[in-house]
Amino acid sequence: MTGQELIRKLKSHLNQDGIEFMIENNLMKSYIREIILTERIKNLSVNNNDKKKALKAFMDRNHLKNKEELEKFRIANCYGSKALEGKILKPTKIQYLANNLFSIHANSRFEQRKESMDLVVYSMLRTKNKELSLELYLQIESNEVEFSTIAQRYSEGEERITKGIIGPIPFSQGNPLLMNKLKSLRQGELIEPFDVDGWWIVLRLENLISAKYSESIKSQMCIEMLEEFLDLESEKNMHLLINEISGES
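All residue numbers refer to position in the chain's written sequence, counted from 1. It should be noted that, the model being predicted, local features are given only for residues of pLDDT at least 70 and side-chain atom pairs only at 80 or more, the latter also being counted only at that level, while totals for whole chains, interfaces and linings use all residues. With hydrogens and water excluded, all non-hydrogen atoms of the structure serve as input to the side-chain values.

Asks: Hey, could you run me through the overall build of the chain in this one?
Replies: A tally of helices and strands in the chain yields ten helices and four strands. Listing the helices and strands of the chain from first to last along the sequence gives α-α-α-α-α-α-β-α-α-β-α-β-β-α. Only C-alpha atoms enter the radius of gyration, while the globule expectation follows 2.2 Å times N to the 0.38, with N the number of residues. Scaling as 2.2 N^0.38, a compact globule of 249 residues should have a C-alpha radius of gyration of about 18 Å, whereas the chain reaches 26 Å, well beyond that. With respect to the principal axes defined by its C-alpha atoms, the chain has extents near 75 × 50 × 40 Å. Every one of the 249 residues in the chain was classed for burial, and the buried ones make up 36%. Contact criterion: two residues are considered in contact whenever any of their non-hydrogen atoms come within 4.5 Å of each other. Considering only residue pairs separated by 6 or more positions, the chain has 72% of its internal contacts joining residues 24 or more positions apart. Of the roughly 15,300 Å² of accessible surface on the chain, 50% is carried by carbon and sulfur atoms. When charges are counted, Lys and Arg contribute as positive and Asp and Glu as negative, whereas His and the chain ends are disregarded. Charge positions are represented by NZ for Lys, CZ for Arg, CG for Asp and CD for Glu. Mean positive and mean negative side-chain charge positions of the chain (36 and 37 charges, respectively) differ by 8 Å. By the criteria applied, helices consist of DSSP H or I runs no shorter than four residues and strands consist of E runs no shorter than two, each listed in order from the N terminus. Exposure is judged per residue with a 1.4 Å probe applied to protein chains only, and the accessible area is read against the type maximum: over 50% gives exposed, under 20% gives buried, and values in between give partly exposed. To be clear on the numbers: accessible area is Shrake-Rupley with a 1.4 Å probe, and residue cover counts the displayed protein chains and nothing else.

Structure (structure tokens):
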């Protein structure tokens, strides 16, 4: 679908007031995104095996136990049978589209993203008291007391609930300063107390779990690239529409 075709379709959905309302309330970009996506997936067919998986996933997400509950859900939400089927199959069709467009680039994207996708497990305790943090560090380093025991007893952060253990989490989701320090450690290595925003922190690297390329990772990379593509296309066509409207007024 070209930009002009998309604009014609949008104008068939909305009158001038509707278009202006969508623009003024920052709804136009997401609306255009859905038009582009709907056009891209409408002719994709889903095989029977994936249809069964899609139905199960939909029922699980909506806490539906059987076909009777699914029918009640359909009626309560005012879906026709075809509309409900479209809603059930939409995530699968989106994944199909993503794979069709971007699977050839998925591995290289993974290689670029791999470091941020690696998982880390670490032990942490924090206290506002510098002297106490050093004392606790020395007790752990000398194997006088288990890290978990000290964290549970002395840590002033929420990690005391898990006896200091955090993770596994992706490196990209952690505090950048902590993650950088952990990247410099060997498994089981302890780091001396350091200050972060008034907290004295003791860290120990427990485990690194290296991300490996797999079908699920491939699917994730494809979806990420599709989202970026849709964002760019929506932005571009929104500006085309605004320029066209400005030219008409």
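Right, picking up where we left off after that structure.
Asks: How should the environment of Ser 184 be read in this particular structure?
Replies: Here Ser 184 shows up in the loop between helix H9 (176–183) and strand S3 (190–196). Look at Ser 184 and you get exposed, because its relative accessible area is 55%. As a C-alpha pair, Ser 184 and Leu 205 span 21 residues in sequence and 9.5 Å in three-dimensional space.

Asks: Even after reading the chapter, I still don't get the environment of Asp 17, so can you show me in this structure?
Replies: Tracing the backbone shows Asp 17 in helix H2 (residues 16–24). As for Asp 17 and Ile 7, which are separated by ten residues in sequence, their C-alpha atoms are 15 Å apart.

Asks: Is there a simple way to think about the pairing of strand S4 (residues 199–209) in this case?
Replies: Within a regular strand, side chains alternate between the sheet's two faces. Of the strand pairs in this sheet, strand S1 (residues 119–127) and S4 are connected by nine bridges, and their pairing is antiparallel. Within the sheet, the bridge partner assigned to Arg 126 lies in S4 and is Ile 201. Strands pair, by our definition, only if DSSP identifies at least two bridges between them. Two strands pair when backbone bridges link them, and S3 and S4 are joined in this way by five bridges, in the antiparallel orientation. Residue pairing for S4: Phe 194 is matched across the bridge by Ile 201. The loop that links S3 with its antiparallel partner S4 comprises two residues; one of these, Asp 197, has a positive phi angle of about 50°.

Asks: How should I be thinking about the pattern of salt bridges in this particular structure?
Replies: Where charged atoms of side chains with opposite charge meet at close range, the side chains can pair. Whenever Lys or Arg places a side-chain nitrogen within 4 Å of a carboxyl oxygen from Asp or Glu, that contact is recorded as a salt bridge. Per the stated rule, a full pass over the model turns up 18 salt bridges. With a shortest N-O distance of 3.9 Å, Arg 186 and Glu 189 are connected by a salt bridge. Note on Glu 189: relative accessible area 25%, which makes it partly exposed. Linked through salt bridges whose partners overlap, the residues forming this network are Arg 33, Glu 34, Lys 90 and Glu 227.

Asks: How do you make sense of helix H5 (residues 67–76) when you look at a structure like this?
Replies: In an α-helix there are 3.6 residues to a turn, and that puts residues three or four apart on one side. Those residues of H5 that sit buried are Leu 70, Phe 73 and Arg 74. With its buried residues spanning 100° around the axis, H5 presents them on a single face. Exposed residues lying more than 90 degrees from the buried face of H5 are Glu 68, Lys 72, Ile 75 and Ala 76. On its buried face, H5 sits against helix H4 (48–61) and helix H6 (81–117). Counted as a polar contact is a pair of N or O atoms within 3.5 Å, where, for protein atoms, one must be capable of donating a hydrogen and the other of accepting one, and residues adjacent in sequence contribute only when both atoms are in side chains. Capping the start of H5, Asn 66 holds a side-chain oxygen 3.2 Å from the backbone nitrogen of Glu 68, two or three residues further along. Directly after H5, the chain includes Cys 78, whose backbone phi takes a positive value near 60°. The arc in question is the one traced by the directions running from the helix axis out to the C-beta atoms.

Asks: Any chance you could explain the sheet that holds strand S2 (residues 165–170) here in plain terms?
Replies: Whether parallel or antiparallel, the strands of a sheet pair through hydrogen bonds between backbone atoms. Reading across from one edge, S2-S1-S4-S3 is the order of the four strands in this open sheet, with antiparallel pairing throughout. Both outer strands of the open sheet, S2 and S3, are each paired with one neighbouring strand and no more. Neighbour to neighbour, the strand axes of the sheet diverge by 35° on average, direction disregarded. Bridge analysis of S1 against S2 gives four bridges, and the strand direction is antiparallel. Bridged to Val 120 within S2 is Ile 169. Each axis is a line fitted through C-alpha atoms, taken for helices only over the stretch in contact, and angles between the N-to-C directions span 0 to 180 degrees. Running over the sheet, helix H7 (residues 130–141) touches S1, S3 and S4 and is turned about 165° from S3.

Asks: Help me understand the confidence of the model for the chain, please; the structure alone is not making it clear to me.
Replies: Low-confidence regions, as indicated by low pLDDT, have predicted coordinates that should not be scrutinised in detail. The predictor reports its confidence for every residue as pLDDT, a score running from 0 up to 100. Looking at the chain as a whole, its pLDDT mean stands at 92, while 97% of the residues score no less than 70. The secondary-structure element of the chain with the lowest mean pLDDT is helix H1 (residues 3–13), recorded at 78, while H4 shows the highest, at 96.

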